[in-house]
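Listed below are the residues making up each chain.
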2 protein chains.
Amino acid sequence: MKNRLEELRKARGIRQEDLADALEVSRQTIGSLENGRYNPSILLAFKIAKYFGMTIEEIFIDEEE
Amino acid sequence: MKNRLEELRKARGIRQEDLADALEVSRQTIGSLENGRYNPSILLAFKIAKYFGMTIEEIFIDEEE
DNA sequence: CATAAATGTCAATTATGCTTTCCATTATTT
DNA sequence: AAATAATGGAAAGCATAATTGACATTTATG
């Protein structure tokens, strides 16, 4: 599961910590998502999509055959 | 987090067990999702969306303020 | 009504999302 | 170069997603 988090965050010129605060998660959670260490819960995915004004599908890329 | 799983499954005239097989999860997982006992992982949400040919947002309803 | 099919649900277990804490590495600025 | 800011990442712990198995209940069919 890839995602465009880092790209979208940088386009807004904010730090991981700022995004973390906005989403009410820890900075490590943002870092871990950006670097693909784990996938977000569906609730966090919805929060992220809402924050960026996009759909989950536009941010998270499902890569199954 | 509400969802339209039961409605969509019944519209296709299939059993929980059939949907479970198609999604490669247990029948209990489908039942638990339909009855709101827990939320799906984002990977399962993507699988479900793909199965029904819909987006995650069309199937799962985020109910935050 | 009786039988079987489908679903509900509980308990126990495993996997993982997310946390905090801590330290290392990589920019950035002075 | 030195100091600070920002990010990377590991470890331990907690909460919950997801599993299987077993059994109860509901719904459909003979």
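Just above sits the structure.
Residues numbered from 1 in each chain as written. Chains lettered and ligands numbered in written order. Predicted model: local features only at pLDDT ≥ 70, side-chain atom pairs only at ≥ 80, totals over all residues. Heavy atoms only, no water.

### Section: the protein's contact with DNA strand D
Okay, so step 1: Close to DNA strand D lie 16 residues, the nearest being Arg15(A), Gln16(A), Thr29(B), Asn39(B) and Ser41(B).
Okay, so step 2: Considering the 4 Å shell around the protein, atoms of DNA strand D inside it are sugar or phosphate in 66% of instances.
Okay, so step 3: In the environment of DNA strand D, a phosphate oxygen lies 3.4 Å from a nitrogen or oxygen atom belonging to the side chain of Asn35(A).
Okay, so step 4: The side chain of Arg37(A) places a nitrogen or oxygen atom 2.9 Å from a phosphate oxygen of DNA strand D.
Okay, so step 5: Contributing elements (two or more residues each) for the surface near DNA strand D: helix H3 (27-34) of chain A together with helix H3 (27-34) of chain B.
Okay, so step 6: Sort the elements by how many residues they give to the surface near DNA strand D and H3(B) lands first, with three residues.
Okay, so step 7: For the surface near DNA strand D, the class distribution of residues is three nonpolar, eight polar and five charged. (Near = heavy atom within 4 Å. Polar contact = N/O pair within 3.5 Å; in protein donor to acceptor, adjacent residues only side chain to side chain. Helix = DSSP H or I, 4+ residues; strand = E, 2+ residues; numbered from the N terminus. Nonpolar A, V, L, I, M, F, W, Y, C, P; charged D, E, K, R; others polar.)

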